[in-house]
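# Inside the fold
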Amino acid sequence: MSTPVLFFVDDLAEGLEPSAQRFHQADPTAAQINVLDLSVTRGDGIFETAGVQHGSIMALDAHLTRFAHSAAMLDLPQPRLEVWAAAIRAAVAAHEPADMLSAKFIMTRGIEGTGVPVGWVYVFEGDEHDHEREHGISVVTLDRGYRHDVAQTSPWLLQGAKTLSYAVNKAVLREAARRGAEDVIFVSSDGFVLEGPTSSVILLRDGRFSTPALDQGILAGTTQADAFTILEAQGHTVEYRQIRADELVGADGLWLLSSTRCAAPVRELDGAPVPIAREISDALNTALLARTK
Ligand SMILES: Cc1ncc(COP(=O)(O)O)c(C=O)c1O
């Protein structure tokens with residue numbers, strides 16, 4: 001495994017004291033984060049993970065836009081996106097070449113009481129996902145416990161922001177494992193398909209590709225958006241809409257999409273087989289893996 005690269009972002013947000021440098025490289029094996037940082041004590045901060053294919057950062061603008069949106073939802077200072085973009089590019093360039101890397105960037109609320117956020121970019125070689133793309137994954141549906149309109153009724157729950165509070169997103173994977181599955185599709189308490197704990201959902205049924213409408217307290221997936229562009233260019237019909245959980249039964253194809261895994265076809269849902277639309281799945285992954293931005 002190659003050595004990861006760490007860059008701290010110094011001039012990271014609007015309205016803060018000007019900093020002498022925009023960003024700087026640091027030792028990823030040394031202790032760097034203060035034990036009073038609110039990311040450590042409260043999970044209070046935001047992050048993004050972009051895929052990096054052969055040195056090209058995928059969907060960087062979309063990740064930066066979502067980062068700024070998450071910052072706004074958490075009442076954090078607005079990140080200086082041009083500094084973040086430069087730091088991410090520099091960190092990727094400092095990493096030894098690899099087929100696929102992940103560029104994770106994080107902004108925390110900082111050390112308690114200071115009001116000064118802390119931010120960094122960490123570039124690393126993640127897990128290999130060829131097997132999942134080829135053989136598919138086994139998935140269970142789990143109730144998220146919120147209605148589909150939670151983002152409108154209770155915006156303080158931060159549904160739709162990419163926060164560092166991922167303990168629940170990890171807990172559901174352990175629940176999936178207890179049920180003999182590898183991943184999860186969240187369903188709202190009133191019966192609508194939402195998203196995976198680290199992925200977006202695309203359903204193929206009756207010749208149409210559907211993904212849950214984005215106003216249902218879910219993250220706007222950058223990979224799903226690129227997948228829709230690709231599918232449309234290939235002549236397919238795509239749509240954002242409310243999808244009832246019972247529509248997943250009898251799907252002609254079902255995928256979980258995310259930045260480094262790309263399109264993982266679901267081969268089993270709640271113990272029942274789901275067909276892998278092989279040609280479509282392979283063509284979609286070939287196109288997603290061939291993106292240059
Ligand atoms: C909750 C959630 N939904 C969807 C996604 C997929 O987003 P993207 O395709 O931008 O990686 C992620 C990615 O981590 C996620 O955490």
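Residues numbered from 1 in each chain as written. Predicted model: local features only at pLDDT ≥ 70, side-chain atom pairs only at ≥ 80, totals over all residues. Heavy atoms only, no water.

### Brief notes about the overall build of the protein chain
When helices and strands are counted, the protein chain shows eight helices and 14 strands. Considered along the principal axes of its C-alpha atoms, the protein chain spans approximately 60 × 45 × 35 Å. Counting over 293 residues, the protein chain shows a buried share of 51%. Long-range contacts, defined here as pairs at least 24 residues apart, represent 71% of the contacts in the protein chain between residues at least 6 apart. Taken as a whole, the protein chain presents about 13,400 Å² of accessible surface, with 52% of it coming from carbon and sulfur. Of note, the protein chain has its 24 positive side-chain charges centred 3 Å away from the centre of its 39 negative side-chain charges. (Helix = DSSP H or I, 4+ residues; strand = E, 2+ residues; numbered from the N terminus. Buried < 20%, exposed > 50% of the residue type's maximum accessible area, 1.4 Å probe, protein only. Contact = heavy atoms within 4.5 Å. Areas by Shrake-Rupley, 256 points an atom, 1.4 Å probe, with all protein chains shown as cover. Lys, Arg positive; Asp, Glu negative; His and termini not counted. Charge placed at Lys NZ, Arg CZ, Asp CG, Glu CD.)

### Some words on the site of the ligand
The immediate surroundings of the ligand are formed by 17 residues, with Lys162, Tyr166, Thr222, Thr223 and Ser259 found nearest. Contact between the ligand and Arg66: an oxygen atom at 2.9 Å from a side-chain N or O atom of the residue. One nitrogen or oxygen atom from the main chain of Ser199 is found 3.4 Å from a nitrogen atom belonging to the ligand. Within the complex, 93% of the 390 Å² of free accessible area of the ligand lies under protein. (Near = heavy atom within 4 Å. Polar contact = N/O pair within 3.5 Å; in protein donor to acceptor, adjacent residues only side chain to side chain.)

### Describing a negative patch on the surface
Where like charges cluster on the molecular surface, the negative patch consists of Glu96, Asp99, Glu125, Asp127 and Glu128. One can find Asp127 in the loop between strand E6 (118-124) and helix H4 (130-135). A residue is classified by how much of its surface remains accessible, and Asp127, at 65% relative accessible area, is exposed. (Patch = residues over 30% accessible without salt bridge, like charges linked within 9 Å, V, L, I, M, F, W, Y side chains within 5 Å. Salt bridge = Lys/Arg side-chain N within 4 Å of Asp/Glu carboxyl O.)

### Let's talk about helix H8 (residues 278-289)
Residues lying three or four places apart along an α-helix face the same way, a consequence of the helix completing one turn every 3.6 residues. In this model H8 runs 16 Å from its N-terminal to its C-terminal C-alpha over twelve residues, within 8% of the 16 Å that 1.5 Å per residue would give. Taken as a whole, H8 has its buried residues at Ser281, Leu284, Asn285 and Leu288. For H8, the buried positions fall inside an angular range of 95° around the axis, keeping them on one side. Opposite the buried face of H8, at more than 90 degrees from it, the exposed residues are Glu279 and Thr286. As for H8, its buried residues are in contact with strand E3 (45-53), H4, helix H7 (222-233), strand E12 (253-258) and strand E13 (262-269). (Expected span 1.5 Å × (residues − 1). Arc of directions from axis to C-beta.)

### Description of the sheet that holds strand E1 (residues 5-9)
The six strands lie next to each other as E2-E1-E6-E5-E3-E4, forming an open sheet whose pairing is antiparallel. The sheet is open, and its two edges are formed by strand E2 (23-26) and strand E4 (56-57), each paired on a single side. Judged from the seven bridges that link them, strand E5 (residues 100-108) and E6 form a sheet pairing that is antiparallel. Its bridge partner lying in E6, Phe105 is registered against Val121. In this fold helix H3 (residues 81-94) packs onto E1, E2, E3, E4, E5 and E6, with an angle of close to 160° to the strand it touches most, E1. (Pairing = 2+ DSSP bridges. Axes fitted to C-alpha atoms, helices over the stretch in contact; angles between N-to-C directions.)

### Things to note about the packing of aromatic side chains
Here a ring pair, both rings aromatic, is described through the centre-centre distance and the interplanar angle of the planes. Summed over all chains, the structure comprises nine aromatic pairs. In this structure, Arg144 is placed above the aromatic ring of Phe186, and the distance from its NZ or CZ to the ring centre is 4.4 Å. (Phe/Tyr/Trp six-rings, centres within 6.5 Å; stacked < 30°, edge-to-face > 60°. Lys NZ or Arg CZ within 6 Å of the ring centre and 35° of its normal.)

### Describing the side chain of Glu48
Mapped onto the elements, Glu48 comes out in strand E3. Look at Glu48 and you get buried, because its relative accessible area is 0%. Among the polar contacts made by the side chain of Glu48, one reaches the side chain of Arg66 at a distance of 2.7 Å. In contact with Glu48, not counting residues within four places along its chain, are His63, Arg66, Phe67, Ala103, Lys104, Phe105 and Lys162.

### Here we look at the nonpolar core
Within the largest apolar cluster, 32 residues are counted, with the highest numbers of intra-cluster contacts made by Trp84, Ile88, Met107, Val121 and Val123. For this core, the elements supplying multiple residues, two or more each, are E1, E3, helix H2 (60-73), H3, E5 and E6. A total of eight residues in this core trace back to one element, the largest contributor, which is H3. When residues no more than four places from it in sequence are discounted, the contact partners of Ile88 are Ile57, Leu60, Leu64, Ala103, Phe105 and Val121. (Core = buried A, V, L, I, M, F, W, Y, C linked by side-chain atoms within 4.5 Å.)

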